[in-house]
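Spelled out from the first residue to the last, the chains are:
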Amino acid sequence: MASPIGHALAGYLICRLIPCSRRQAGWKTIGWCSFVAVSPDLDFLPGLLQGQPALYHQGISHSLGFAVLVSSLAALLYG
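By convention here, each chain's residues receive numbers from 1 onward along its written sequence. Note on the predicted model: pLDDT of at least 70 is required for a residue's local features to be given, and 80 or more for side-chain atom pairs to be given and counted; whole-chain, interface and lining totals, by contrast, use all residues. Working from all heavy atoms in the structure, the side-chain values ignore hydrogens and water.

Participant: Lay out the environment of T29 in plain terms, naming residues and giving numbers.
Facilitator: Counting from the N terminus, the helices are the DSSP runs of H or I reaching at least four residues and the strands are the DSSP runs of E reaching at least two. Here T29 lies in helix α3 (residues 27-38). When its relative accessible area of 9% is taken as the criterion, T29 is described as buried. With 13 residues separating them along the chain, T29 and R16 place their C-alpha atoms 9.7 Å apart. Three exposure classes are used, based on accessible area relative to the maximum for each residue type with a 1.4 Å probe and protein chains only: buried under 20%, partly exposed in between, and exposed over 50%.

What follows is the structure, encoded as structure tokens:
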């Protein structure tokens, strides 16, 4: 099972490996890439508030459709 730390590291590595982002990979860009990589695991927060962290985990936010949606929004926002 991947952890949020593993997701954040993957986001960081992707940010550093993309040729166009190497020139402009400041803390804002690195933070944004890491946040987008961790975003599927944010679904544990509602369950955590109810005392059952895994209640909603690995639901719709772990789907291919959600990945495409978040990636598209990130591309639109980041440009």
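Participant: Can you break down helix α1 (residues 4-17) residue by residue, with the values?
Facilitator: To estimate the expected span of a helix, count its residues, drop one, and scale the result by 1.5 Å. The terminal C-alpha atoms of α1 lie 20 Å apart, and with 14 residues this matches the ideal 20 Å at 1.5 Å per residue to within 8%. Buried within α1 are the following residues: H7, G11 and C15. Along the axis of α1, the buried residues cluster in a sector spanning 75°; they form a single face. Pointing more than 90 degrees away from the buried face of α1 are the exposed residues I5 and L17. Directions from the helix axis toward the C-beta atoms define the arc.

Participant: An account of the confidence of the model for the chain is requested, with residue identities and associated values reported.
Facilitator: A residue's pLDDT is the predictor's confidence in that residue, given on a scale from 0 to 100. Mean pLDDT over the chain stands at 80; residues scoring 70 or higher make up 86%. The least confident element of the chain is helix α2 (residues 19-22), whose mean pLDDT is 58; the most confident is α1, at 84.

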